[in-house]
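Fold and contact review
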Amino acid sequence: MQTLSFDHRLKEAAAKIEATLTRLLADACLADEVARPATLLEAMRHGVLNGGKRLRPFLVMESTALFGGGVQAALRVGAALECIHCYSLVHDDLPAMDDDDLRRGQPTVHVAFDEATAILAGDSLLTYAFDIVSAPETDLAADRKVELLLALSRAAGMGGMAGGQALDLAAEKTAPDEQGIITLQAMKTGALIRFACEAGAIIAGANTDDRLLLRRFGEKIGLAFQLADDLLDLTSDAAAMGKATGKDAARGKGTLVALHGQAWAEAKLGDLVKDAATLLAPFGEKATGLIEAARFVANRRN
Ligand code: GRG
């Protein structure tokens, strides 16, 4: 069970991120933008301002606070990461990929608009993420921005999320073994979550050991996130999830849950949360938000 204070903290952070994203997706052009085409902008807003949990930005904000980093920079980096997450959902829902009509309880972007607009909205969100981090408005020294941009690019690109999606599409034919599934998941969903945890250490200029600790914490909860997602795909319904469920089993897609069963997955989730908490124990009380986030990830219902 989550404590009320964690839910409250997550909702408060989500409201701040929502406000930041709303400002970033305003009608007015930024310097050197020629125009913001109305339909494209509307599609981007549809894909972003639609009630996500904002878990990844929350992790950026909490990991930044752990090291006493700047709140403004954490909000902007969190918003940039959320733009990449939302782009991945918009593209994942396309007919050429998962072909879904429902996301966060609403019509997916290609259904509400059209496929070409959904592709361009995803492209624009991905590009905008790097703009947001590097822009002069982000209150960070240039060397930290470059470190963030490198880590974010590696997490999102061919060796991270996009590569993981490619492996996932191939997995329908190649049936990967356990190590193959772990690698695929660490890339497809784990890489952005790992970045979210590591980002705070970069923003605050933490030392290498602390940055590594946060990275390892991120890897644990990335794995927990995917395990919980696979369990939910098996046990939840579309109304609770706001998206189609049961698709993995229908496609015979290999997951650790399919390989080892529900009881194993539930026990493994417990172990991952324990390991994650142990990693952050040296930080004491200050790490409570992150440790509760690990529990939330493992116990989530949507
Ligand atoms: C198209 C390049 C490209 C990548 C797609 C992440 C991804 C890769 C696809 C999403 C497919 C999917 C539903 C994976 C399960 C894990 C996941 C990312 C769930 C959604 O994340 P939440 O629960 O969603 O954080 P909200 O809506 O709260 O943001």
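Just so it is clear, the structure is predicted and the values come from calculations on it, not from any experiment.

1. Section: the overall build of the protein chain
Looking only at helices and strands, the protein chain has 15 helices and two strands in total. Projected onto the principal axes, the alpha-carbon positions of the protein chain cover approximately 55 × 50 × 35 Å. Across the 302 residues that make up the protein chain, the buried fraction comes to 51%. In the structure as shown, the protein chain presents an accessible area of about 13600 Å², 56% of it carried by carbon and sulfur atoms. The averaged location of the 41 negative side-chain charges in the protein chain is 4 Å from the averaged location of its 32 positive side-chain charges.

2. What to know about unusual backbone geometry
A positive phi angle, close to 55 degrees, is found at Asp99, a residue other than glycine. The residue Asp99 is located in the loop between helix H4 (71-92) and strand E1 (102-103) in this model. For Asp99, a relative accessible area of 44% puts it in the partly exposed group. Within the chain, Ala175 stands out as a residue other than glycine whose phi angle is a positive 45 degrees.

3. As for the site of the ligand
Taken together, 20 residues lie around the ligand, and Lys53, Arg56, His85, Arg104 and Asp229 are the ones closest in. Here Lys53 contributes a side-chain N or O atom positioned 2.6 Å from an oxygen atom of the ligand. At 2.7 Å, a side-chain N or O of Arg104 approaches an oxygen atom of the ligand. Here the ligand loses 93% of its free accessible area of 700 Å² to cover by the protein chains. When residues of the shell around the ligand are traced back to their parent elements, those giving at least two are H4, helix H8 (161-174), helix H9 (178-204) and helix H10 (208-235).

Reading the values: rules and limits
Residues numbered from 1 in each chain as written. Predicted model: local features only at pLDDT ≥ 70, side-chain atom pairs only at ≥ 80, totals over all residues. Heavy atoms only, no water. Helix = DSSP H or I, 4+ residues; strand = E, 2+ residues; numbered from the N terminus. Buried < 20%, exposed > 50% of the residue type's maximum accessible area, 1.4 Å probe, protein only. Areas by Shrake-Rupley, 256 points an atom, 1.4 Å probe, with all protein chains shown as cover. Lys, Arg positive; Asp, Glu negative; His and termini not counted. Charge placed at Lys NZ, Arg CZ, Asp CG, Glu CD. Near = heavy atom within 4 Å. Polar contact = N/O pair within 3.5 Å; in protein donor to acceptor, adjacent residues only side chain to side chain.

In short, the description is geometric, and any link to function would need to be established separately.
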